[in-house]
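One-letter residues, chain by chain:
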Amino acid sequence: MSEAVRVEGLTKDYGRLRALSGISFSIREGELFALLGPNGAGKTTTIRILTGLTRATAGRVHFFGRSIFEDPLYAKRMAGLVPQATNLDLELTVWENLFIHGLLFGMSRGRIRDRAAELLRFAGLWERRRDRVRTLSGGMRRRLLIIRALMHEPRILFLDEPTVGLDPHIRRRLWGLIKQIQARGTTILLTTHYIEEAEFLADRVAFLDRGRIVALDTPQSLMATLGEAAVDVVSEKGLTTRYFRTREEAEREAMRLSRSGESVTIRRVNLEDAFLHFTGRKV
Amino acid sequence: MRGFLAVYLRELLIIWHRLPRMILSFSVSPTLYLIAFGFGLGKHLTVHGRPYLEFLVPGVVAASSMMQGFGINVEINVARFYLRIFEEFQAAPISNWAYVLGEILGGVTRAFLSTLVILAITMLARINLHFGPWFFVGVFLNAFVFASLGVASAMIIRSHADQALVTNFIITPMVFLGGTFFPVEGLPEWARLPLKLLPVTHASHLIRSAAYGDPVPRFSLLVLLGLSLVGFFLAYSSVDRARD
Ligand SMILES: Nc1ncnc2c1ncn2[C@@H]1O[C@H](COP(=O)(O)OP(=O)(O)O)[C@@H](O)[C@H]1O
Ligand SMILES: [Mg+2]
C-alpha cells in the first residue's frame, strides 16, 4: 500500500509560542489516522498547515510523494477540509453551497450536479437541498460540511474535531458516515479530543501533547503497553489506577485490596489510560 | 477562470437572496439627499446654468457607487471573521487574482444596483440628463477603484472596529467633498487642489459630464483608469497578508 501523507519535522511558531515542535508521522493510503490531544495541543495548527491555510515554520510535508509546499495547487486538489468551526454560507441554500465549492475546485457544471446529488443522498440531505443553510440543525450542517469537502473527490480528507458539540446519537451517526467514507477508499486524518472517537474510528492514533507526538500506534497496541486490565482504587487520597498484564492478576490484587477495606473496580484498559500514561495528564 | 466565477457567483447569490432588502436600503440615503438638497435647498439654485437638481443627481450617483463599491469590504469581513468562508477560498486551488477580481466585481455589481435605484427614483422628478454609455463607464471605473480599495482594506485590517475607522475618516469625507454636492471650482485654491487629488472628484466629473451630454473629460478618465490598475494591484498584493 502506498503512502498518502508524509510529515517530517513539522514545526510552527506563533511569535514566541512554539505550537508544533518537529512532529513526524505518515499515513498509508486508505488509512484513518487520528491525532488525539487536549485543547491547545496543536491539532488545528497541523491541519491548517497541511491544507495550505497556515505557513509552516519548518519541516516537510508530502502527499503521494509530492511536496505540498512546492506544489500547493496539487496539494489543494488532493485535500478535502472539514474545519473545526463550521464555515458554511448561511444565507445560501444547501445546493448553492455545494455548487460554489465545485466551481472553486474547477469542476464542470454537469459533474457538480451529479456529484452533489450523489452526496446529498449519501448524507440524507437531498430533501433539504433547496433550503437555506440557516434553517438546518447542527447535525445537518456538520454533514453538509463533510460532503462539501468531498465534492471534488479528494483523496485525503482532513476532519478537524468533526463531532465537537454534537448530541451523542448524532455523533454516532457521523461516525458511521466517516467509516463509510473511508470504506470508499478515502484516506482520512481526523483530530479529536474525544478518546472514544479515536478508539472507535482510528486505525492508528498519535497522541499529541503540547506540540509533540508522544506515542503513535494502533489503539490496541497503545493500550497493550499498559496491560489488559485496570484496577481503580478510591481512597482518601483520591482515585488511583493500577494496570495488570492479565485479568487474573488484576482480580487477585483487587481481592487483596478490598479485604483491607478499599473501594475497588476492575475494568478493561482503555485508550484514556494509555493517553494518561504517555502524557501524564488527561485529554 | 472557474475560480473567479465561483467567487463572483457567490457574491451574486448573496445579492440575489437579499435583493428586496438591498434595494430598499440602497434607496434610503439617495432619496434623503435628493429631498434635502435637491428639492428642499436647491429649488431656486442653479449650477453651471442648470437647476441644482441636475447637478446633484450625478453627484449622488458618484457618491453612492463609491460607497457601495467600497462596501464590499463589509461582506468580506463577514465572510472572514464571522462565516469564515475566507478559509474555503484559501483551501481551494484558485489564484489570488481570481479571488480579488471576483470580490471587486461583486462590489461593482452592488454599485450598479445602487445606481439603477437612484436612476429609478430620479425618473419621478422631471430632469434633463442623459444616461448613456460614458455615464456607466464612469460609474464602473468609480466602483472598480473603490471596490479594490475595499478589498485591500478588508485584507489588511484586523478587526471590525478598525474598518469603521477607515470608513469614517476616509470614505465619508469623500462622499461630501468630491464634487458630489457642490462644485469644487467654487472653492479657494488651497482647498481645491487637495480635492482634485481625490478619485471621486474625477469620477463625479466624468459621470456628470456624461449626464450633461458634454465631451468626455479625458484627464479624469485617465486618472480613473490608472487608479483602477493601482487599486487592483494593491488588493492583489494584500491578499497574502490575511494569512497567518
Ligand atoms: N493564529 C494563532 N496565533 C497565535 N497562536 C495561535 C494561533 N493559532 C493557534 N495558536 C496557539 O497554538 C497552540 C495550538 O493551537 P491549536 O492548533 O488550535 O490547538 P488544538 O487544535 O489542538 O486545540 C495553542 O497554544 C494556541 O493558542
Ligand atoms: Mg483545534
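This is a predicted model, so every value here is computed, not measured. (Residues numbered from 1 in each chain as written. Chains lettered and ligands numbered in written order. Predicted model: local features only at pLDDT ≥ 70, side-chain atom pairs only at ≥ 80, totals over all residues. Heavy atoms only, no water.)

Let's talk about the domain arrangement of chain A
Residue and element names in this part refer to chain A.
- Annotation of chain A at the domain level lists domain 1 (3-217) and domain 2 (223-279).
- Using C-alpha coordinates to define each centre, domain 1 is positioned 36 Å away from domain 2.
- Between domain 1 and domain 2, the contact holds twelve residues from the first and nine residues from the second.
- Between domain 1 and domain 2 the total buried area reaches about 790 Å² when both faces are included, carbon and sulfur atoms providing 80% of it.
- For domain 1, the biggest contributors to the area lost against domain 2 are Ile195, Glu199 and Phe207; these three give 61% of the whole.
- Joining domain 1 to domain 2, the criterion identifies one salt bridge.
- When the shortest N-O distance is used, the salt bridge between Arg268 and Glu199 registers 3.3 Å. (Domains from an automatic or database assignment. Contact = heavy atoms within 4.5 Å. Buried area = accessible area lost by both parts, 1.4 Å probe. Salt bridge = Lys/Arg side-chain N within 4 Å of Asp/Glu carboxyl O.)

Quick look at the nonpolar core
- A:Leu271 and B:Tyr99 are the most contacted members of the largest nonpolar core, which has 90 residues in total.
- Domain assignment of the residues forming this core places at least three in each of domain 1 (3-217) and domain 2 (223-279) of chain A.
- Residues within four places of B:Tyr99 in sequence aside, it is in contact with B:Val7, B:Ile76, B:Phe86, B:Phe89, B:Ile94, B:Met155 and B:Val239.
- Core analysis: the second largest hydrophobic core is formed by 34 residues, B:Leu119, B:Val175, B:Phe181 and B:Val200 among them. (Core = buried A, V, L, I, M, F, W, Y, C linked by side-chain atoms within 4.5 Å. Buried < 20%, exposed > 50% of the residue type's maximum accessible area, 1.4 Å probe, protein only.)

Considering helix α3 (residues 52-70) of chain B
- The terminal C-alpha atoms of α3(B) lie 27 Å apart, and with 19 residues this matches the ideal 27 Å at 1.5 Å per residue to within 8%.
- Across the 19 residues that make up α3(B), a large majority, 17, are buried. (Helix = DSSP H or I, 4+ residues; strand = E, 2+ residues; numbered from the N terminus. Expected span 1.5 Å × (residues − 1).)

Digging into the UniProt feature "transmembrane region" (unreviewed entry) in chain B
Residues and elements named next belong to chain B.
- The UniProt feature table records "transmembrane region" (unreviewed entry) at residues 21-41, 61-83, 104-125, 131-157, 164-184 and 219-239.
- End C-alpha to end C-alpha, residues 61-83 measures 31 Å, and it is 91% helix and 0% strand.
- Within residues 164-184, the helical portion is 67% and the strand portion 0%, while the C-alpha atoms at the span's ends are 27 Å from each other. (UniProt positions renumbered as here; feature names shortened; annotations may be inferred.)

Considering the layout of surface pockets
- Space inside the largest pocket adds up to approximately 430 Å³.
- Of all the secondary structure elements, the ones that give two or more residues to the lining of the largest pocket are α1 (43-50) and α2 (72-78) of chain A together with α5 (85-90) and α6 (96-124) of chain B.
- For the lining of the largest pocket, the leading source of residues is α2(A), giving four residues.
- Roughly 300 Å³ of volume is contained in the second largest pocket. (1 Å grid on protein atoms, 1.4 Å probe; cavity = no way out; pocket = protein on both sides within 12 Å on 5 of 7 lines; lining within 4 Å. Points joined across faces, edges and corners; volume = space filled by probe spheres on them.)

Observations concerning empty space enclosed by the protein
- One pass over the structure, following the stated rule, counts two cavities of 30 Å³ or more.
- What lines the largest cavity is a set of 13 residues, and nearest its centre among them are A:Gly80, A:Leu81, B:Glu87, B:Glu88 and B:Ala91.
- Those elements that provide at least two residues to the lining of the largest cavity are β6 (79-82) of chain A together with α5 of chain B.
- Across the lining of the largest cavity, the residue classes tally to five nonpolar, four polar and four charged.
- Taken together, A:Asp89, A:Leu92, A:Asn97, A:Ile100, A:His101, A:Arg148, B:Arg10, B:Ile85, B:Glu88 and B:Phe89 make up the full set of residues lining the second largest cavity.
- Only α3 (94-104) of chain A together with α5 of chain B provide two or more residues apiece to the lining of the second largest cavity.
- Residues that form the lining of the second largest cavity fall into these classes: four nonpolar, two polar and four charged. (Nonpolar A, V, L, I, M, F, W, Y, C, P; charged D, E, K, R; others polar.)

Concerning the sheet that holds strand β13 (residues 263-268) of chain A
Residue and element names in this part refer to chain A.
- Strand order in the open sheet formed by three strands is β12-β11-β13, with antiparallel pairing between adjacent strands. At either end of the open sheet lies a strand with only one pairing partner, and these are β12 (238-244) and β13. Looking at each pair of strands side by side, their axes are set apart by 25° on average, direction ignored.
- The sheet strands contacting helix α9 (residues 247-259) are β11 (229-235), β12 and β13, and the helix crosses β13 at an angle near 170°. (Pairing = 2+ DSSP bridges. Axes fitted to C-alpha atoms, helices over the stretch in contact; angles between N-to-C directions.)

With respect to the side chain of A:Gln182
All names here are of chain A.
- Within the secondary structure, Gln182 is located in helix α6 (residues 168-183).
- Given a relative accessible area of 15%, Gln182 falls into the buried group.
- Non-local contacts of Gln182, meaning those with residues more than four positions away in its chain, are made with Gly30, Glu31, Leu32, Ile188 and Asp203.

Some details on the coordination of the magnesium ion (ligand 2)
Residues and elements named next belong to chain A.
- The coordination sphere of the magnesium ion (ligand 2) contains the protein donors Thr44 (OG1) and Gln84 (OE1), at a distance range of 2.0 to 2.3 Å. Of the two residues, Thr44 is situated in helix α1 and Gln84 in the loop between β6 and α3; the sequence distance between them amounts to 40 residues.
- Overall, Thr44 belongs to the partly exposed group, its relative accessible area being 27%.
- Judged by its relative accessible area of 31%, Gln84 falls in the partly exposed class. (Donors = N, O, S within 2.8 Å, 3.2 Å for Na, K, Ca; no water.)

A look at the environment of A:Gly176
Residues and elements named next belong to chain A.
- Counting through the fold element by element, Gly176 comes out in helix α6.
- Owing to a relative accessible area of 31%, Gly176 belongs among the partly exposed residues under this scheme.
- Distance in space between the C-alpha atoms of Gly176 and Arg60 is 33 Å, their sequence separation being 116 residues.

Details of the interface of chain B and chain A
- If you look at the interface, chain B gives 25 residues, while chain A gives 34 residues.
- When chain B packs against chain A, close to 2700 Å² is buried across both sides, 57% of that on carbon and sulfur atoms.
- In this structure, the connection of chain B to chain A is made through three salt bridges.
- A salt bridge links A:Arg148 to B:Glu88; its shortest N-O distance comes to 3.4 Å.
- Seen at the junction of chain B and chain A, the total is nine residue pairs in polar contact (both at pLDDT 80 or more).
- For the side of chain B that touches chain A, the secondary-structure elements that each account for two or more residues are α1 (2-17) and α5 of chain B.
- Sort the elements by how many residues they give to the side of chain B that touches chain A and α1(B) lands first, with ten residues.
- The residue inventory of the side of chain B that touches chain A, partitioned by class, reads 14 nonpolar, three polar and eight charged. (Polar contact = N/O pair within 3.5 Å; in protein donor to acceptor, adjacent residues only side chain to side chain.)

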